[in-house]
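Chain residues, written in single-letter form:
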Amino acid sequence: LKPTLVKTSPIDGQKPGTSGLRKKTKVFMSENYLNNFVQSVFDAVIANGTNVSEGTLMIGGDGRYFNTEAIQTIIKMGVANGVKRFWIGQDGLLSTPAVSATIRERGPVWQSAFGAFILTASHNPGGPEEDFGIKYNTQTGGPAPEYLMEATYANTTTIKNYKICEDFPAVDISKVGSTTVSAADGSTTVVVEVIPSTQSHVALLKTIFDFDGIKALLDRPDFTMVYDSMHGVNGPFSKAIFVDELGQPESVLMNHIPKDDFAGGHADPNLTYAKDLVKTMGLDRTGNKIDVAGPIPSFGAAADGDGDRNMILGTQFFVTPSDSLAVIVANANCIPFFSTQGGLKAVARSMPTSGAVDRVAKDLNLDFFETPTGWKFFGNLMDSKAIFKGKDYTPFICGEESFGTGSDHVREKDGIWAVLAWLNILASRNPDASKPLVTVEDIAKEHWAKYGRNYYCRWDFENMDAKGANAMMEKMRADSASNTGRTVGSYTIATADDFRYVDPVDGSVAAKQGVRFLMSDGSRVIFRLSGTAGSGATVRMYIEQYETEKLDLPVATALEELTAIALQLCDIKTFCGTETPTVIT
Ligand code: VG1
Ligand code: CO
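Note that this is a predicted model, so its numbers are computed, not measured. (Residues numbered from 1 in each chain as written. Chains lettered and ligands numbered in written order. Predicted model: local features only at pLDDT ≥ 70, side-chain atom pairs only at ≥ 80, totals over all residues. Heavy atoms only, no water.)

Peer 1: Just give me the short version of the overall build of the chain, but keep the residues and values in it.
Peer 2: Secondary structure assignment for the chain yields 21 helices and 27 strands. Relative to its length of 585 residues, the chain is compact, with a C-alpha radius of gyration of 24 Å against a globular reference of 25 Å. With the C-alpha coordinates aligned to their principal axes, the bounding extent of the chain is approximately 80 × 60 × 50 Å. The 585 residues of the chain split such that 58% are buried. Surface summary for the chain: the accessible area is close to 22,100 Å², and the carbon and sulfur share equals 50%. Positive and negative side-chain charges of the chain, numbering 55 and 69 respectively, have mean locations separated by a distance of 3 Å. (Helix = DSSP H or I, 4+ residues; strand = E, 2+ residues; numbered from the N terminus. Rg over C-alpha atoms; globule rule 2.2 N^0.38 Å. Buried < 20%, exposed > 50% of the residue type's maximum accessible area, 1.4 Å probe, protein only. Areas by Shrake-Rupley, 256 points an atom, 1.4 Å probe, with all protein chains shown as cover. Lys, Arg positive; Asp, Glu negative; His and termini not counted. Charge placed at Lys NZ, Arg CZ, Asp CG, Glu CD.)

Below is the structure:
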């Protein structure tokens, strides 16, 4: 177990984005690329005061191409950097929420595991020609805070060497069990434990939801469901829950065998990419009803590559993620996790997420927060009491418009949690199997009737020229003051600004988080550049219009004028040469 110091030099572009570092797989496989980044993380973590020899390092990934090789490399580098205990997901598989759950379950939160590497590019396609990614999470089970990622990035720009124990034997990660390796002179002993991937997470979910109630719902002859894992890491988790725990036939699972290239698909649960599921549920890619042969399931759901996103569908009915968050919050107290803790206390949404949940929070008198995009900002709020001895905001629910929802049971978004939350709500609304089924659509429409409807959509312009996209954002920023008060069509811009967040728990500031046009009637138009694109720039345009009367319009009709105004306000045609989005969600 001799650490070698290998000479290297800085590689450009290793700045982590919204959720870790994502690049083409080939880039990750190129000389020193992975090593440089991993060493930079270790250096940042150690400089931050972590004694890596005392805790455990967890490693797992979504199973994409290069996952298992990267795990072996990180083990060798970990040993060279002083790590003495590892937990590795069996077959290298751990979903993002499972990493969070497992870190939190395996020993007291602040001691046992000091951190985790999650090898994933989430919903980005995988395979030798597509994307690979790596995230680092801390002992709370949440994504590393900004300062740690900034320190990591700074290290990547000055790195001269990395440490590796090339003589550490390759570990068989296909079998659960422990391998102990000792140095010849007895000076060090390293234990690598391969852990069952689904165990901790499934056990946790069983304590949160009413599994008996959900089983009774699923067993009703008039209720059918399908869950599409899109060949991502969620397959084994969906099998453990729906087949092994809830006794459903395997036919409820779609695409549940993980593939290292997601079978050539794009494991992103939305109307565009979850094609098979969307068709099965009787919808087209814009959410309109289509004719299909045979019966349509009552409930459909999908997950992304690393299992932290979710899409919820009813029979010929699409629930937008923002509405899903609002409905879950409005009905949270039928879920044992919340009812047994005295009821839900606080909610948060990312800034571009629609304001649907704001109205519920106000109605139910919940603490409410609006944070920048990305899950890391929610963690501080959830840990408010534990870390800062401040106010306790738990139990807590949070969500993003990008198909992410979750609670303080873990510190990541949790795809299968959202699916079980909906099933738990449906179960509690359908206590009597002899009565007609209250459907997903019924619940969403009742919600709109009570709170109004936030018509919402997001347009993505992928692979734009970064220079043009940045210039476009700068122009809107510069024009904020002069745009404020202007009338555009039938709207008046009440405020134009760039979103800035001051963390209420630790006072840290995140600036330049998205250009907003807040209209006087509550409608909003927002622009951001993505922080997860592997290459090029992705412009995101978010459009939202609140309605209390016309609740049944097609989304495109409701948003027609505002969309045209949004395109004018940004002038993307001039800056990026197109105004046709690549994806609409
Ligand atoms: C996107 C989403 C954001 C999400 C992030 C990570 O970021 O918009 O809401 O938290 O992906 O999700 P961006 O910067 O590209 O807009 V995942 O499932 O890709 O880890
Ligand atoms: Co994801």
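That shown, we press on.
Peer 1: Lay out the site of ligand 1 in plain terms, naming residues and giving numbers.
Peer 2: Contacts to ligand 1 come from 19 residues, most closely from Thr18, Ser122, Ser530, Thr532 and Arg540. Take aspartate 308: an N or O atom from its side chain is 3.0 Å from an oxygen atom of ligand 1. Note that an oxygen atom of ligand 1 is positioned 2.8 Å from one of the side-chain N or O atoms of arginine 309. The residue inventory of the shell around ligand 1, partitioned by class, reads no nonpolar, 10 polar and 9 charged. (Near = heavy atom within 4 Å. Polar contact = N/O pair within 3.5 Å; in protein donor to acceptor, adjacent residues only side chain to side chain. Nonpolar A, V, L, I, M, F, W, Y, C, P; charged D, E, K, R; others polar.)

Peer 1: Lay out the sheet that holds strand β24 (residues 515–519) with the relevant residues and their values.
Peer 2: Pairing is antiparallel across the open sheet formed by 7 strands, whose spatial order is β20-β21-β24-β25-β26-β19-β27. Each edge of the open sheet carries a strand with a single partner, namely β20 (487–488) and β27 (583–584). Direction of pairing for strand β25 (residues 524–529) relative to strand β26 (residues 537–547): antiparallel, over a ladder of 6 bridges. Along β26, the bridge assignment pairs isoleucine 526 with tyrosine 542. Relative to the sheet, helix α20 (residues 560–570) contacts β19 (453–464), β20, β21 (491–498), β24, β25 and β26, its axis offset from that of β26 by approximately 140 degrees. (Pairing = 2+ DSSP bridges. Contact = heavy atoms within 4.5 Å. Axes fitted to C-alpha atoms, helices over the stretch in contact; angles between N-to-C directions.)

Peer 1: Provide a residue-level description of the coordination of the cobalt ion (ligand 2), including the pertinent values.
Peer 2: Surrounding the cobalt ion (ligand 2) are the protein donor atoms Ser122 (OG), Asp304 (OD), Asp306 (OD) and Asp308 (OD), which sit 2.0 to 2.1 Å from the metal. Read N to C, the donor residues that coordinate the cobalt ion (ligand 2) are spaced as S-x181-D-x1-D-x1-D. Here the residue serine 122 occupies a position in the loop between β5 (113–119) and β6 (131–138), and aspartate 308 occupies one in the loop between β12 (299–303) and β13 (310–314), the gap between them amounting to 186 residues. Neither serine 122 nor aspartate 308 differs from the other in exposure class; each is buried. (Donors = N, O, S within 2.8 Å, 3.2 Å for Na, K, Ca; no water.)

Peer 1: Tell me about the pairing of β12, residues and numbers included.
Peer 2: With 5 of its 5 residues buried, β12 lies for the most part within the structure. Along β12, one buried face is formed by Phe299, Ala301 and Ala303 and the opposite face, lined by Gly300 and Ala302, is buried too. Where strand β10 (residues 225–228) and β12 come together, 4 bridges link them in parallel fashion. Each bridged residue has a counterpart across the sheet, and for aspartate 228 the counterpart in β12 is alanine 302. Bridge analysis of β12 against β13 gives 5 bridges, and the strand direction is antiparallel. Bridged to alanine 303 within β13 is asparagine 310. In this structure, the hairpin formed by β12 and β13 is closed by a connection of 6 residues, where glycine 307 is found at a positive phi of approximately 75 degrees.

Peer 1: If you had to explain the sheet that holds strand β11 (residues 253–254) to someone new, which residues and values would you point to?
Peer 2: Spatial strand order, β11-β10-β12-β13-β14: 5 strands in an open sheet with mixed pairing. The outermost strands of the open sheet, each flanked by one partner alone, are β11 and β14 (317–319).

Peer 1: Can you lay out the packing of aromatic side chains for me, pointing to particular residues and giving the numbers?
Peer 2: Taken as a whole, this structure holds 15 aromatic pairs when the rule is applied. For the ring pair tyrosine 227 and phenylalanine 242, a centre distance of 5.8 Å and an interplane angle of 85 degrees mean the geometry is edge-to-face. Here phenylalanine 242 lies in helix α8 (residues 234–245) and tyrosine 227 lies in strand β10, a separation of 15 residues in the sequence. This pair shows no difference in class: tyrosine 227 is buried, exactly as phenylalanine 242 is. With 6.3 Å between their ring centres and 35 degrees between their planes, phenylalanine 318 and phenylalanine 403 make a pair best called tilted. Here the residue phenylalanine 318 occupies a position in strand β14, and phenylalanine 403 occupies one in the loop between β17 (396–400) and β18 (404–407), the gap between them amounting to 85 residues. In this structure, arginine 359 packs its charged tip against the face of tyrosine 546, placed 3.4 Å from the ring centre. Geometry around tryptophan 448 places arginine 453 over its ring, the cationic atom sitting 3.9 Å from the centre. (Phe/Tyr/Trp six-rings, centres within 6.5 Å; stacked < 30°, edge-to-face > 60°. Lys NZ or Arg CZ within 6 Å of the ring centre and 35° of its normal.)

Peer 1: So what about the packing of helix α10 (residues 321–331) against helix α15 (residues 415–429)? Which residues, and what values?
Peer 2: Contact geometry of α10 with α15 gives a least axis separation of 10 Å together with a crossing angle of 55 degrees. Relative to α15, the element α10 is oriented oblique. For the element pair α10 and α15, the recorded crossing hand is left-handed. Residue-level inspection shows Ser324, Val327, Ile328 and Asn331 of α10 in contact with α15, the latter providing Trp417, Ala418, Ala421, Trp422 and Ile425. (Parallel < 35°, antiparallel > 145°, perpendicular 65-115°, else oblique. Left-handed = near helix turned anticlockwise from the far one by under 90°.)

Peer 1: Go over unusual backbone geometry, please, and point to the residues and values.
Peer 2: Residue proline 395 is bonded to the preceding threonine 394 through a cis peptide linkage, with omega at -5 degrees. One can find proline 395 in the loop between α14 (384–388) and β17. Phi angles above zero are rare outside glycine, and phenylalanine 66 is one such case at about 90 degrees. By secondary structure assignment, the location of phenylalanine 66 is in the loop between β3 (56–61) and α3 (67–80). Residue classification places phenylalanine 66 among the buried residues on the basis of a relative accessible area of 11%.

Peer 1: Quick one: what's the story with the packing of helix α7 (residues 211–219) against α15, residue by residue and with numbers?
Peer 2: Running from N to C, α7 and α15 cross one another at 75 degrees; their axes reach a closest spacing of 9 Å. What the angle tells us is that α7 and α15 run roughly perpendicular. Residues Phe211, Gly213, Ile214, Leu217 and Leu218 of α7 form the contact with α15, whose own contacting residues are Leu420, Leu423, Asn424, Leu426 and Ala427. Broken down by class, the residue content of the contact of α7 with α15 amounts to 8 nonpolar, 2 polar and no charged.

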